[in-house]
Amino acid sequence: MADLIELPRTTAPTDRLRVLVVAESFLPQVNGVTNSVRRVLEHLAATGHDAALVAPTGPSSYAGFPVLHARGANLPLYPDFRIGLETRRRLRSIMERFAPDVVHIASPATLGYQAAKAAQSLGIPTVAIYQTDLVGFAERYDVPGGGRAMASLTRRIHTKVDRTLAPSSASLAQLRDLAIPGTALWPRGVDLQAFHPVWRSADLRRQLAPDGRLLVGYVGRLAPEKELHLLSHLADDPRYALVVVGGGPEEQRLRSLLPGATFLGVLHGDDLSRAYASLDVFVHTGRHETYCQSAQEALASGVPVVAPRSGGPIDVVTDGVAGHLYEPGDGADLASYVDGLVGHKLTRRTMGLAARRSVRDRSWQSVNEALVDHYRDVIAVRAAPARLAG
C-alpha cells in the first residue's frame, strides 16, 4: 500500500463535518484519482472530521475511516482496473446510515452518477471533483459517437451536483462549453517533502547511466491516452538516457518501441521520490490531462518539465521559466525543447530552481483547507432556503 501521511490534528470537534467520499477508483490502483482521495481522507482525519469512503476496491479502512466496497466490473481494455457499478438503492442506504453533511464525488463516471442521483434524492449537498477528461479519452480512442456520449454523460453527472471543482483553467473552460453550472477552481496539492531536490541520488544516476549521461524521464500510467509513442523522438540520443516509470497496458508495446529506455515499473515512497529528483529533464506526452500531477511532482523535485501546451500543464508549468510547453502531439517540437535543456546546463539549473519555487504554495494542506471551505459553502447554501422557510 502507498505510504500514509500523518498530519497534526487541528480542528475542534465543534467544527466537525461528516463527509461521504465516493470514488471511481482507489487502492491498489495508483493514479491521480486515488492519490487525491488519499490526501483528502488524510486531511479530514488530521483535522478532526468524520468520513467514510465508497469505492470499487481498497483496504477495509484508510486513515482510520471505513472503506465500503461498491460492486463493479473490470474494464476490457484495463483488466487490472475495476469500475464501480453500484445501484442507486444501495448508495441511498449507505447515505441514510452514515448521514453525511456532504457527499464528495471523486472523478464521477458510472458510480459517481448513481451517487449524485442518490444524494439528490435525499437532499444531501454534493461536491464533485472533475478529474478525468472523459470526452478527450473517448476521442483519443476514436470510438464512434464516443465524444458525444461522454459529453452527454459529463453533463448529466455534473448538473446533478451542487458544485463541480475543476483543477485547471482549461478544465473550467471545458465545463463552461458543456453548459455546466456551479463550477470553481480547485487545483491539486503536492507533497513538498516527498518530492524535493534533496532526494536526488548519485547512486541511482550511476545505476541508470553508468557512462554519466543525463537522465530524461517520464512518470505515469503507460496507457494509450498518454501518447507515449512521442517518446520515440527522444530515443537513441547519445547525450542522455531515457527512463520510464510506471505500468499499464502499453508497457510491452513501449518496450519494443523504446529498446534503449530503462523501465523501472511502478514505484512508491522513497523510490519514487529518488526517481523524480534524479532526473535532469521530465517529459509528459498526453494532451488530455485535466491537471498533470506528475508534472507538478517533478517541479517540486526541482526538475524542469517539458509538457504539451494543452489542458492542465498550461496552469502547472510556467512556460519558459520552470520548463517548456510544446505543440500537442508534435514529437519534433517536444524533442527540440528537450534538446535545448540537455545542451545547456545553466538553463537546466535555472529552470530547476524556478520549478521548485513555482509550487511552494501548493501544499496539500492549503489545497484541502480550501476544499473544506467548499463543503461548508454548499452546506450553507442548501440550508439557507430551509432557514427562510422556518
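Residues numbered from 1 in each chain as written. Predicted model: local features only at pLDDT ≥ 70, side-chain atom pairs only at ≥ 80, totals over all residues. Heavy atoms only, no water.

**Q** A description of unusual backbone geometry should follow, citing residues and the corresponding values.
**A** A cis amide bond, omega 10°, links Leu27 with the succeeding residue Pro28. Relative to the helices and strands, Pro28 resides in the loop between β1 (18-23) and α1 (32-46). Despite not being glycine, Glu227 has its phi angle at roughly 55°, a positive value. Counting through the fold element by element, Glu227 comes out in the loop between β11 (214-219) and β12 (240-245). At Asp236, a residue that is not glycine, the phi angle is positive and equals roughly 70°. (Helix = DSSP H or I, 4+ residues; strand = E, 2+ residues; numbered from the N terminus.)

**Q** Give me helix α3 (residues 110-122): which residues, what numbers.
**A** Taking 1.5 Å of rise per residue, the 13 residues of α3 would be expected to cover 18 Å, and the 19 Å separating its terminal C-alpha atoms lies within 8% of that figure. Downstream of α3 by a residue or two, Gly123 has a phi angle that is positive, lying close to 70°. (Expected span 1.5 Å × (residues − 1).)

**Q** Explain helix α5 (residues 146-158) to me, and be specific about the residues and the numbers.
**A** Because an α-helix completes one turn every 3.6 residues, residues spaced three or four positions apart along the sequence face the same direction. In a regular helix each residue adds 1.5 Å, so 13 residues correspond to 18 Å; α5 covers 18 Å between its end C-alpha atoms and thus fits that length. Considered for burial, the residues of α5 that qualify are Gly146, Gly147, Ala151, Leu153, Thr154, Ile157 and His158. In an axial view of α5, the angular spread of the buried residues amounts to 165°, which keeps them on one side of the axis. (Buried < 20%, exposed > 50% of the residue type's maximum accessible area, 1.4 Å probe, protein only. Arc of directions from axis to C-beta.)

**Q** Pulling in residues and values, what's your account of the pairing of strand β13 (residues 262-265)?
**A** Burial along β13 is one-sided: Phe263 and Gly265 are buried, and none of Thr262 and Leu264, which face the opposite way, are. Sheet topology note: the β12/β13 ladder contains 3 bridges and is parallel. Bridge pairing in β13 places Val245 opposite Gly265. Considered for its hand, the β-α-β crossover made up of β12, helix α8 (residues 251-257) and β13 is right-handed. (Pairing = 2+ DSSP bridges. Right-handed = clockwise from strand over helix to strand, strands pointing away.)

**Q** Tell me about the packing of aromatic side chains, and please be specific about residues and values.
**A** Using the criterion set out here, one finds 3 aromatic pairs in the structure. Between Phe195 and Tyr276, the ring centres sit 5.3 Å apart and the planes meet at 90°, which makes this aromatic pair edge-to-face. Taken together, the positions of Phe195 in the loop between β10 (183-185) and α7 (202-208) and Tyr276 in helix α9 (residues 269-277) put the pair 81 residues apart, joining distant regions of the chain. Each member of the pair Phe195 and Tyr276 is classed as buried. Grouped by ring-pair contacts, the aromatic residues Phe195, Tyr276 and Phe282 constitute a single cluster. It is Arg18 that lies over the ring of Phe98; its NZ or CZ is 4.1 Å from the centre. The ring of Tyr113 has Arg156 lying over it, and the distance from NZ or CZ to the ring centre is 5.8 Å. (Phe/Tyr/Trp six-rings, centres within 6.5 Å; stacked < 30°, edge-to-face > 60°. Lys NZ or Arg CZ within 6 Å of the ring centre and 35° of its normal.)

**Q** Break down the pairing of strand β15 (residues 305-308) for me, with residues and values.
**A** With 2 bridges joining them, strand β14 (residues 281-283) and β15 adopt parallel strand pairing. Within the sheet, the bridge partner assigned to Phe282 lies in β15 and is Val305. Traced from β14 through helix α10 (residues 293-300) to β15, the parallel crossover comes out right-handed. Inspection of the sheet shows β15 paired to strand β16 (residues 323-326) by 4 bridges, in the parallel sense. When the sheet's bridge partners are listed, Val305 is paired in β16 with Gly323.

**Q** Just give me the short version of the environment of Glu86, but keep the residues and values in it.
**A** Mapped onto the elements, Glu86 comes out in the loop between β6 (82-84) and α2 (88-98). For Glu86 and Gln114, which are 28 residues apart along the polypeptide, the C-alpha to C-alpha distance reads 7.4 Å. Once you skip the residues sitting within four places of it in the chain, Glu86 turns out to touch His69, Ala70, Arg71, Leu91, Leu111 and Gln114. At a separation of 2.7 Å, a polar atom in the side chain of Glu86 contacts the side chain of Arg71. One polar contact links Glu86 to Arg90, side chain to side chain, over a distance of 2.7 Å. (Contact = heavy atoms within 4.5 Å. Polar contact = N/O pair within 3.5 Å; in protein donor to acceptor, adjacent residues only side chain to side chain.)

**Q** Go over the sheet that holds β16 with me, naming the residues and quoting the values.
**A** Spatially, β13-β12-β11-β14-β15-β16 is the arrangement adopted by the 6 strands of the open sheet, whose pairing is parallel. The open sheet has two edge strands, β13 and β16, and neither has a second partner. When strand polarity is set aside, the average angle formed by the axes of neighbouring strands in this sheet is 20°. The strands touched by helix α12 (residues 331-342) within the sheet are β11, β12, β14, β15 and β16, with β16 carrying the most contacts at an inclination of about 165°. (Axes fitted to C-alpha atoms, helices over the stretch in contact; angles between N-to-C directions.)

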